[in-house]
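Residue strings, one per chain:
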Amino acid sequence: MNNSYKHSLSTNSKIEQISVNRCFDGEQHYYCHESTATKTPMTFSIYLPDEALAGRRCPAVLYLSGLTCNADNVTHKAHFQQKCSELGMIFIAPDTSPRSNDAHDVANDERYFVGQGASYYVDATQAPWAEHFNMQSYIVDELYDLLRSEFPTDSIGITGHSMGGHGALLLGFKFPSKFVSVSALAPVCAASESAWGQAAYTEYFGDDKVLWAQADASQMIVEVGQQYASILVDQGAADNFLAEGQLQTPKLQAACEKAKQPLTLRYQAGHDHSYYFIQTVINDHIEHHWRMAQMG
């Protein structure tokens, strides 16, 4: 971000710029701010093409990362910046969970699919998680409004990988008025029926299976029906988590068929769950969101 754009942030802005790097025809930025939803500091990265730096409103895509990740992983490894530069797309990557040393019980949970670096992008209802793990509210209310007020975002699409793919599907269908498009990369499609999701939801929601169902992407799609002209999902055919039953991809296909939601589901031969897979398909997802934004 150049200095003139930095100073164009609202005078009462509560976000702090951490870093700026020139990248293709745009700039990669990092910010931090105090979150009212999580009651912790939160960070996010945002790629701004030159059109956005000049103040022109641009379509944006919000990317939700997977287990153990933070804003750095996709920003450093996915190589999305060149395609966003070419199309004039804004790309936002928030953190995956609150990270507060105050929440000792949460911080000390060593299960990577439950504790810090995991959140499933839901609002927890059980102590000690409910104090800070309010990622649904953070994403769809606080961060969403911040992006609208502080950056020249036009329409916003939502995507993500693994646990973040679950979050993109869940929040996209739960809050369709906020997102113009949805896609996912190797998503956890039925969290309430995977070992990862069951472990997390037992902590976040206790035994309330109604809350489990409301936090399950495939069940949400069936409940609300078709919301988008098309959604795009890519899955590595050699993904060990698919083979282990953590992703439950056929349940997503069945849910979309029942909801009459058009779905393009592509199994990518030879690809696993890694960022090499993400690099392979990320440009198609950026183009998907760009096309949906052009449709209005």
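So, here's what we can say about the structure. (Residues numbered from 1 in each chain as written. Predicted model: local features only at pLDDT ≥ 70, side-chain atom pairs only at ≥ 80, totals over all residues. Heavy atoms only, no water.)

On to helix α7 (residues 163–174), then. Helix length check: α7, at twelve residues, gives a terminal C-alpha distance of 16 Å against a target of 16 Å (1.5 Å per residue), a fit within 8%. Counting buried residues in α7 gives eleven out of twelve residues, a clear majority hidden from the surface. Of all the residues in α7, the buried ones are Met 163, Gly 164, Gly 165, His 166, Gly 167, Ala 168, Leu 169, Leu 170, Leu 171, Gly 172 and Phe 173. (Helix = DSSP H or I, 4+ residues; strand = E, 2+ residues; numbered from the N terminus. Expected span 1.5 Å × (residues − 1). Buried < 20%, exposed > 50% of the residue type's maximum accessible area, 1.4 Å probe, protein only.)

Next up on the list: the nonpolar core. Of all hydrophobic cores here, the largest spans 69 residues; its most connected members are Phe 44, Tyr 120, Ile 139, Tyr 201 and Tyr 204. Here this core takes eight residues from helix α6 (residues 135–150), the largest share from any one element. Not counting residues up to four positions away in its chain, the partners in contact with Tyr 204 are Val 114, Ala 118, Ser 119, Tyr 120, Val 122, Ala 124, Thr 125, Gln 126, Trp 129 and Phe 133. Val 61, Cys 69, Phe 80 and Leu 185 belong to the second largest nonpolar core, which has 19 residues in total. (Core = buried A, V, L, I, M, F, W, Y, C linked by side-chain atoms within 4.5 Å. Contact = heavy atoms within 4.5 Å.)

Here we come to the state of the cysteines. As enumerated under the stated definition, the model contains zero disulfides in all. Free of any disulfide, Cys 189 has its nearest cysteine sulfur in Cys 256, 8.7 Å distant. (Disulfide = S-S within 2.5 Å.)

Before going further, it helps to examine the packing of α7 against helix α10 (residues 217–224). The relative placement of two packed helices is expressed as an angle between their axes plus a distance between the axes. Viewed as axis vectors pointing N to C, α7 and α10 meet at an angle of 20°, and their least axial separation amounts to 9 Å. The pairing of α7 with α10 is recorded here as roughly parallel in orientation. Crossing angle aside, the handedness with which α7 passes α10 is left-handed. Contact residues: α7 offers His 166, Leu 169, Leu 170, Phe 173 and Lys 174, while α10 offers Ala 217, Met 220, Ile 221 and Val 224. Split by residue class, the contact of α7 with α10 holds seven nonpolar, one polar and one charged. (Axes fitted to C-alpha atoms, helices over the stretch in contact; angles between N-to-C directions. Parallel < 35°, antiparallel > 145°, perpendicular 65-115°, else oblique. Left-handed = near helix turned anticlockwise from the far one by under 90°. Nonpolar A, V, L, I, M, F, W, Y, C, P; charged D, E, K, R; others polar.)

Read from one edge of the open sheet, three strands run β7-β8-β9, paired in parallel fashion. Among the strands making up the open sheet, the edge pair consists of β7 (183–185) and β9 (263–268). Strand-to-strand, the axes of this sheet are offset by a mean angle of 10°, without reference to chain direction. As paired strands, strand β8 (residues 231–236) and β9 are joined by six bridges and run parallel to one another. Directly across from Asp 234, in β9, lies its bridge partner Arg 266. Its contacts with the sheet place helix α13 (residues 275–294) against β7, β8 and β9, and it is angled at close to 175° to β8. (Pairing = 2+ DSSP bridges.)

Strand order in the open sheet formed by six strands is β1-β2-β3-β5-β4-β6, and the pairing between neighbours is mixed. Each end of this open sheet is capped by a strand with a single partner; those strands are β1 (15–22) and β6 (153–160). Put simply, the sheet's adjacent strands are angled 20° from each other on average, direction ignored. As paired elements, strand β2 (residues 26–34) and strand β3 (residues 41–49) share nine bridges and run antiparallel to each other. Note that in β3 the partner of His 29 across the bridge is Ile 46.

Taken by themselves, the reported measurements are silent on function.
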